[in-house]
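Here's the letter readout for the chains.
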Number of protein chains: 2
Amino acid sequence: MRMLINGPETVVDDALRGMAAAHPDLLVDVENRVIMRRDAPVAGQVGIVSGGGSGHEPLHGGFVGPGMLSAACPGEVFTSPVPAQMLRAAGAVDSGQGVLFIVKNYTGDVLNFDMAAELAEEEGIRLGRVLVHDDVAVVDSLFTAGRRGTGATLFVEKIAGAAAAAGAPLEQVEEIGQRVNDTSRSFGVALSAVTTPAKGTPTFELPPGELELGIGIHGEPGRERRSMMTSREIAEYVVAAVLEDRTPTGPVLVLVNGMGATPLLELYGFNAEVQRILTERGVSVARTLVGNYVTSLDMAGCSVTICQVDDELLRLWDAPVRTAALRWGI
Amino acid sequence: MRMLINGPETVVDDALRGMAAAHPDLLVDVENRVIMRRDAPVAGQVGIVSGGGSGHEPLHGGFVGPGMLSAACPGEVFTSPVPAQMLRAAGAVDSGQGVLFIVKNYTGDVLNFDMAAELAEEEGIRLGRVLVHDDVAVVDSLFTAGRRGTGATLFVEKIAGAAAAAGAPLEQVEEIGQRVNDTSRSFGVALSAVTTPAKGTPTFELPPGELELGIGIHGEPGRERRSMMTSREIAEYVVAAVLEDRTPTGPVLVLVNGMGATPLLELYGFNAEVQRILTERGVSVARTLVGNYVTSLDMAGCSVTICQVDDELLRLWDAPVRTAALRWGI
């Protein structure tokens, strides 16, 4: 075990205390596990709440702030948060304009967010929901019926957040978030397994010299295992898988995302291959983001998410945002 | 080898092509290995050039942009850039106000930046230099006479960059950068070894269950090796080492920096311990930055840098910056 922790049982609480200390703009309720904008609720704006298991940082807590999430609810590592968290968050961020839940498609998350939505509606909060399910690698997986929600979550949270910040009503913010999910596709690759604090040993076996194509962000199995490939070969495989599922008919956002332990030097090199292939295939790239955003603890590897945008979505992507992990314009 | 690369010989060029594709604001000269602001030279402003071996990303290329570096010169992995790169960069960013070189204290970097400075001065460019040597772990090390330059580089580059952006003359920008170095101290810890693309195997042996206290950012040996410690124990050791060397007499900036493969979840948890200890010791923290900024490829571990600031330095730290890795206000 090579972890910088006090023990598996305090990992999430310790991280929340550390976030609170680093980011005075955030209100971090460690006991109830809610990370909020300090100025929530913001009058006239729809509140946006997301959350999920910890271990994917900066997702979701790193995306809380003006122009993106109003609040995030972290669960234990790779474990859904409980409804009481989302209910508390919804109550705290609702300005009367309603609240949008952004939920990654994992069985536990879906159930718990649905239960929180029911309870919140009983309290008179109007609720909308966007279910993110962008991972084309497999249908049904450990923890998931249908497709897994991965990198597109960042695009949905940013763009829906910008719509809310612009004062759009709940139905419109929900429709915009839905549209982003619908035009987004992802595919991930693992070069090493992931080790959770509770288990202390890798959650699956991946011998050196092999890689897993189509991996999930919890180390769920992908499509196939192969002998190590070059960055160029991996990019060809990944981009083909994404474009096969949906061929863009307009400009796209590209996220070249690290799983946690792959150096930024390598991610940029991989991005060079991804961009070359997209250009060769006639896909027009409007914006690119390279870095560790939707991670899987100490897993080495990467994923590519491609999201087709129209003028409205691109303008919302470019709108100012101020969070711990994504910030521009303010 | 679990690397996302085409081969050791193209790692740096591939990464530069990937940076160029992701950041249209940057002018990336892949052939000559210079990353520049596209709008350089900026009239009336001192140019700021840094650089060093690759493998520490986002340092330095990720810090090029308004409010920080004018240009960065990446060498091969863990290898100094050559004088021709810094000479080219200096010529390209000099608006007539002169150029400041920010150099981490490693023998190769010092020699090559000095040679570039001589050549640039022969071409009529006024040159200043700040040598960063903040690592209190050891005096003299592999590649270094004196102290190693590590995390403080980020503080020097940001604050000197802000001074240059505000129109300060060369002597003043240099003095400010010098002041930041003088009040900064760092200490790093490795939980795993680092593997370079060229070698393909770890550059040193660190058995599971042990950690190296006082490690350098190239895996250079530290002070001692111990059995695995908790996050709390590591923080006690690291903060004590930093404060023993220099006790702040005023507010500080804190950088809790990941070495590359340690999850952000763990870095935030570690930050909670660091902040608690600083508070207990009466150190007033003005700003905190948590993340992977001065890395060592796939090494697991972290470092802490503490920089005492006066009102002027804090104002310059808070000033707007727009780079790939550090951005706020614009």
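All values reported here derive from a predicted model rather than from experimental measurement.

Trainee: How would you summarise the overall build of chain A if you had to cite specific residues and measurements?
Mentor: For chain A, the count of helices and strands is 8 helices and 14 strands. A globule of 330 residues ought to have a C-alpha radius of gyration of about 20 Å, and chain A, at 19 Å, matches this closely. Looking at chain A residue by residue over its 330 residues, the buried ones come to 65%. When contacts within chain A are restricted to residue pairs at least 6 apart in sequence, those whose partners lie at least 24 apart make up 73%. Accessible surface, chain A: about 10800 Å² in total, of which carbon and sulfur atoms supply 51%.

Trainee: Talk me through the packing of aromatic side chains; I want residue IDs and the actual numbers.
Mentor: Aromatic ring pairs are described here by two measures, namely the spacing of the ring centres and the angle between the planes. Evaluated as defined, the whole model comprises 8 aromatic pairs over all chains. Aromatic side chains Phe101(A) and Phe113(A) sit 5.2 Å apart centroid to centroid with 70° between the ring planes, which places their arrangement in the edge-to-face category. Of this pair, Phe101(A) sits in strand β5 (residues 99-104) while Phe113(A) sits in helix α3 (residues 107-122), and the two are 12 residues apart along the sequence. Here Phe101(A) falls in the buried class, since its relative accessible area comes to 1%. Ring pairs connect the aromatic residues Phe155(A), Trp317(A) and Trp328(A), which therefore count as one cluster. Here Lys158(B) stacks its cationic end above the ring of Trp317(B), 6.0 Å away from the centre of that ring.

Trainee: Explain the confidence of the model for chain A to me, and be specific about the residues and the numbers.
Mentor: Of the residues in chain A, 100% have a pLDDT of 70 or more, and the chain-wide mean is 97. In the model output, the complex is listed with pTM 0.98 alongside ipTM 0.98.

Trainee: Outline the interface of chain B and chain A, supporting the account with residue identities and numerical values.
Mentor: Taken together, the contact between chain B and chain A spans 55 residues of the former and 55 residues of the latter. Together, the buried faces of chain B and chain A total about 4600 Å²; carbon and sulfur atoms form 62% of this surface. When residues of chain B are sorted by the area they lose upon contact with chain A, Arg2(B), Leu4(B) and Leu265(B) head the list and together hold 21% of the total. One can count 2 salt bridges joining chain B with chain A. Taking the shortest distance from any N to any O, the salt bridge between Arg17(B) and Glu273(A) comes out at 3.5 Å. Between the two partners, chain B and chain A, sit 22 residue pairs in polar contact (both at pLDDT 80 or more). Of all elements in the fold, only α1 (11-22), α6 (231-245), α7 (264-280), β11 (285-291) and β14 (327-328) of chain B reach the threshold of two or more residues within the side of chain B that touches chain A. Of all the elements, α7(B) adds the most residues to the side of chain B that touches chain A, at 11 residues. The residue makeup of the side of chain B that touches chain A, split by class, is 31 nonpolar, 15 polar and 9 charged.

Trainee: How would you summarise the sheet that holds strand β1 (residues 26-29) of chain A if you had to cite specific residues and measurements?
Mentor: All names here are of chain A. Overall, mixed pairing links the 6 strands, which are arranged β1-β2-β4-β3-β5-β6 in an open sheet. The open sheet is flanked by β1 and β6 (127-132), the only strands paired with a single partner. Neighbour-to-neighbour, the strand axes of this sheet turn through a mean angle of 20°, independent of strand direction. Sheet topology note: the strand β3 (residues 47-54)/strand β4 (residues 71-77) ladder contains 5 bridges and is parallel. Bridging across to β4, Val49 finds its partner in Ala71. Packing of α3 onto the sheet brings it into contact with β3, β5 and β6, and relative to β5 it is tilted by some 165°.

Trainee: Tell me about the side chain of Arg37(B), and please be specific about residues and values.
Mentor: Residue and element names in this part refer to chain B. For Arg37, the position within the fold is in strand β2 (residues 34-37). Classification of Arg37 by relative accessible area gives buried; the value is 11%. Setting aside residues up to four positions removed in sequence, Arg37 forms contacts with Asp25, Val42, Gln45, Val64, Gly65, Pro66, Gly67, Leu69 and Ser70.

Trainee: Tell me what's going on with the packing of helix α4 (residues 152-165) of chain B against helix α8 (residues 311-318) of chain B, and back it up with residues and numbers.
Mentor: All names here are of chain B. Running from amino to carboxyl end, α4 crosses α8 at an angle of 90°, the nearest separation of the two axes being 8 Å. The angle between the axes of α4 and α8 places the two elements in the roughly perpendicular class. On the side of α4, the interface is formed by Leu154, Phe155, Lys158, Ile159, Ala162 and Ala163, while α8 contributes Leu313, Leu316 and Trp317.

Trainee: Break down the sheet that holds strand β8 (residues 210-213) of chain A for me, citing the residues and quoting the values.
Mentor: Residues and elements named next belong to chain A. Strand order in the open sheet made by the 6 strands is β9-β8-β7-β12-β10-β11, with mixed pairing throughout. Every other strand in the sheet has two partners, leaving β9 (224-227) and β11 (285-291) as the edge strands with one partner each. Strand-to-strand twist in this sheet, taken as the mean axis angle between neighbours without regard to direction, amounts to 15°. Where strand β10 (residues 252-258) meets β11, 6 bridges bridge the pair, whose relative direction is parallel. In the sheet register, Asn257 faces β11, and the bridge partner there is Gly291.

Trainee: Can you tell me about the domain arrangement of chain A, naming the residues and giving the values?
Mentor: All names here are of chain A. Under the domain assignment, chain A is made up of domain 1 (8-182 + 318-324) and domain 2 (184-316). For the pair domain 1 and domain 2, the number of links is 4 salt bridges. Taking the shortest distance from any N to any O, the salt bridge between Asp318 and Arg287 comes out at 2.7 Å. Among the secondary structure elements, those contributing two or more residues to the side of domain 1 that touches domain 2 are α4 (152-165) and α5 (170-182).

Trainee: Which residues make up the relation of the copies chain B and chain A, and what are the values?
Mentor: Overlay of chain B on chain A (RMSD 0.0 Å): rotation 180°, translation along the axis 0.0 Å. In short, the pair behaves as if placed about a two-fold rotation axis. Closest approach to the rotation axis among the C-alpha atoms of chain B is made by Ala261(B), whose C-alpha sits 2.0 Å away. Residue by residue, 100% of the interface of chain B is reproduced at the interface of chain A, so both copies engage with the same surface.

Trainee: Please give an account of the side chain of Ser80(B) that cites residues and values.
Mentor: Residue and element names in this part refer to chain B. Here Ser80 shows up in the loop between β4 (71-77) and α2 (83-93). You can call Ser80 buried: its relative accessible area is 17%. Looking at Ser80, its side chain comes within polar contact range of the main-chain oxygen of Gly108, at 3.4 Å. A distance of 3.2 Å separates a polar atom in the side chain of Ser80 from a polar atom in the side chain of Asp109.

Trainee: So what's going on with the pattern of salt bridges? Residues and values would help.
Mentor: Inspection of every chain in the model, using the stated rule, returns 42 salt bridges over all chains. Among the salt bridges present, the one from Asp13(B) reaches Arg33(B), with a minimum N-O distance of 3.0 Å. Here the residue Asp13(B) occupies a position in helix α1, and Arg33(B) occupies one in the loop between β1 (26-29) and β2, the gap between them amounting to 20 residues. Judged by its relative accessible area of 13%, Arg33(B) falls in the buried class. Notably, a salt bridge pairs Arg276(B) with Glu236(B), separated by 3.9 Å at the nearest N-O pair. Residue Arg276(B) is located in helix α7, and its partner Glu236(B) is located in helix α6; the two are separated by 40 residues in the primary sequence. Residues joined by salt bridges that share partners form a network here, namely Asp14(A), Arg17(A), Arg232(B), Glu236(B), Glu273(B), Arg276(B) and Glu280(B).

Scoring rules and cut-offs
- Residues numbered from 1 in each chain as written.
- Chains lettered and ligands numbered in written order.
- Predicted model: local features only at pLDDT ≥ 70, side-chain atom pairs only at ≥ 80, totals over all residues.
- Heavy atoms only, no water.
- Helix = DSSP H or I, 4+ residues; strand = E, 2+ residues; numbered from the N terminus.
- Rg over C-alpha atoms; globule rule 2.2 N^0.38 Å.
- Buried < 20%, exposed > 50% of the residue type's maximum accessible area, 1.4 Å probe, protein only.
- Contact = heavy atoms within 4.5 Å.
- Areas by Shrake-Rupley, 256 points an atom, 1.4 Å probe, with all protein chains shown as cover.
- Phe/Tyr/Trp six-rings, centres within 6.5 Å; stacked < 30°, edge-to-face > 60°.
- Lys NZ or Arg CZ within 6 Å of the ring centre and 35° of its normal.
- pLDDT = per-residue confidence, 0-100.
- Buried area = accessible area lost by both parts, 1.4 Å probe.
- Salt bridge = Lys/Arg side-chain N within 4 Å of Asp/Glu carboxyl O.
- Polar contact = N/O pair within 3.5 Å; in protein donor to acceptor, adjacent residues only side chain to side chain.
- Nonpolar A, V, L, I, M, F, W, Y, C, P; charged D, E, K, R; others polar.
- Pairing = 2+ DSSP bridges.
- Axes fitted to C-alpha atoms, helices over the stretch in contact; angles between N-to-C directions.
- Parallel < 35°, antiparallel > 145°, perpendicular 65-115°, else oblique.
- Domains from an automatic or database assignment.
- Least-squares fit on C-alpha atoms with pLDDT ≥ 70 in both.

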